[in-house]
Amino acid sequence: MARDGHTKVKPRDLVKVLATVLLGLSFAGGVYLADGKADRCIEYLTGYVVELSLSVDNLFVFLLIFNYFHVPREAQEPVLFWGILGAMIFRGLMIFIGGKLTEKFRLAQLGFAAILLYSAIKLLVEGEEDEDLSNNRIIKFAKSVVPVSDKYYGAKFYHREAEKIIWTPLLVVLLSIELSDVVFAFDS
């Protein structure tokens, strides 16, 4: 962390972002070389830019969750990996199921709209939560189901204490991110 309290961007992170974007753009070149038509390449690039733009809202929610749970920097990467994998799976399932439902039932679209509207209103109405993780309602609920520690153990989702598995708040963070993935999947 920098002295002003903000996280510094590491060169390694910039390289990863640039490599990912270059990989996506080189795929566009591959589409052009394979097909020989600029139209297909432009269609791909349009879809790429749209999806890149839409992914920003997911990352914003991930950042809010990380800040809310005070997730250490070194523990964020595994949660992002599993969160993004979950987002791909949930979106695929929701698009498939939602497509089938809206084909058969026109009212299903109104149901999906109602769920989104309810979620939006709930987000606007809810107030601030306690900052102390031991008083966090989500962690209290998780503790009522499984043993959850009040502190992080690096990037581990669990640790062993006296031969018992104790889950870390990182698991609760991952579950929160997966829950947000389900909400975003409804949006898809």
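Higher on the page you've got the structure.
Criteria and thresholds
- Residues numbered from 1 in each chain as written.
- Predicted model: local features only at pLDDT ≥ 70, side-chain atom pairs only at ≥ 80, totals over all residues.
- Heavy atoms only, no water.
- Patch = residues over 30% accessible without salt bridge, like charges linked within 9 Å, V, L, I, M, F, W, Y side chains within 5 Å.
- Areas by Shrake-Rupley, 256 points an atom, 1.4 Å probe, with all protein chains shown as cover.
- Salt bridge = Lys/Arg side-chain N within 4 Å of Asp/Glu carboxyl O.
- Helix = DSSP H or I, 4+ residues; strand = E, 2+ residues; numbered from the N terminus.
- Buried < 20%, exposed > 50% of the residue type's maximum accessible area, 1.4 Å probe, protein only.
- Expected span 1.5 Å × (residues − 1).
- Contact = heavy atoms within 4.5 Å.
- Core = buried A, V, L, I, M, F, W, Y, C linked by side-chain atoms within 4.5 Å.
- Pairing = 2+ DSSP bridges.

**Things to note about a nonpolar patch on the surface**
Moving on, step 1. A contiguous nonpolar patch, built from F81, W82, I84, L85, M88, I89, L93, F96, I97, L101 and F105 and spanning about 1,100 Å² of accessible area, is present on the exposed surface.
Moving on, step 2. With respect to the element layout, L93 can be found in helix α3 (residues 73-104).
Moving on, step 3. Here L93 falls in the partly exposed class, since its relative accessible area comes to 44%.

**Observations regarding the environment of V71**
Moving on, step 1. Mapped onto the elements of the fold, V71 is located in the loop between α2 (38-68) and α3.
Moving on, step 2. Exposure remark for V71: the relative accessible area of 8% places this residue in the buried category.
Moving on, step 3. It is 8.2 Å that separates the C-alpha atoms of V71 and V173, two residues lying 102 residues apart in sequence.

**A word on helix α1 (residues 11-35)**
Moving on, step 1. Taking 1.5 Å per residue as the helical rise, α1 with its 25 residues ought to reach 36 Å, and the 36 Å between its terminal C-alpha atoms agrees with that figure.
Moving on, step 2. Among the residues of α1, D13, G24, A28 and V31 are the ones counted as buried.
Moving on, step 3. Contacts made by the buried residues of α1 are with α2 and α3.
Moving on, step 4. Positioned one or two residues after α1, G36 has a phi angle of 80°, which is positive.

**Section: the nonpolar core**
Moving on, step 1. Counting 17 residues, the largest nonpolar core has F69, V71, V79, L170, V173 and I177 as its most contacted members.
Moving on, step 2. Where this core is concerned, the elements lending two or more residues are α2, α3 and α6 (169-187).
Moving on, step 3. Sort the elements by how many residues they give to this core and α6 lands first, with six residues.
Moving on, step 4. Among residues more than four places away in sequence, those in contact with V79 are F66, F157, L170, V173, L174 and I177.

**So, the pattern of salt bridges**
Moving on, step 1. Applying the stated criterion to the full structure yields five salt bridges.
Moving on, step 2. One salt bridge connects D35 with R40, and the closest N-O pair in it is separated by 3.1 Å.
Moving on, step 3. Judged by relative accessible area, which is 31%, D35 ranks as partly exposed.
Moving on, step 4. Judged by relative accessible area, which is 45%, R40 ranks as partly exposed.
Moving on, step 5. Through salt bridges with shared partners, one network takes in R12, D13, K16, R73 and E77.

**A closer look at unusual backbone geometry**
Moving on, step 1. For H70, which is not a glycine, the phi torsion comes out positive at approximately 55°.
Moving on, step 2. If you trace the backbone, H70 turns up in the loop between α2 and α3.
Moving on, step 3. Unlike most non-glycine residues, E163 shows phi in positive territory, near 65°.
Moving on, step 4. Residue position: E163 is located in the loop between β1 (158-161) and β2 (164-167).
Moving on, step 5. Residue class for E163 comes out exposed when judged on its relative accessible area of 72%.

**Thoughts on the pairing of β2**
Moving on, step 1. Across four bridges, the pairing between β1 and β2 is antiparallel. Bridged to Y158 within β2 is W167.

**Some thoughts on α3**
Moving on, step 1. Spanning 32 residues, α3 covers 46 Å between terminal C-alpha atoms, matching the ideal 46 Å at 1.5 Å per step.
Moving on, step 2. For α3, the full list of buried residues reads A75, Q76, V79, G83, G86, A87, R91 and G98.

From the geometry alone we can't say anything about function, so treat these as descriptive.
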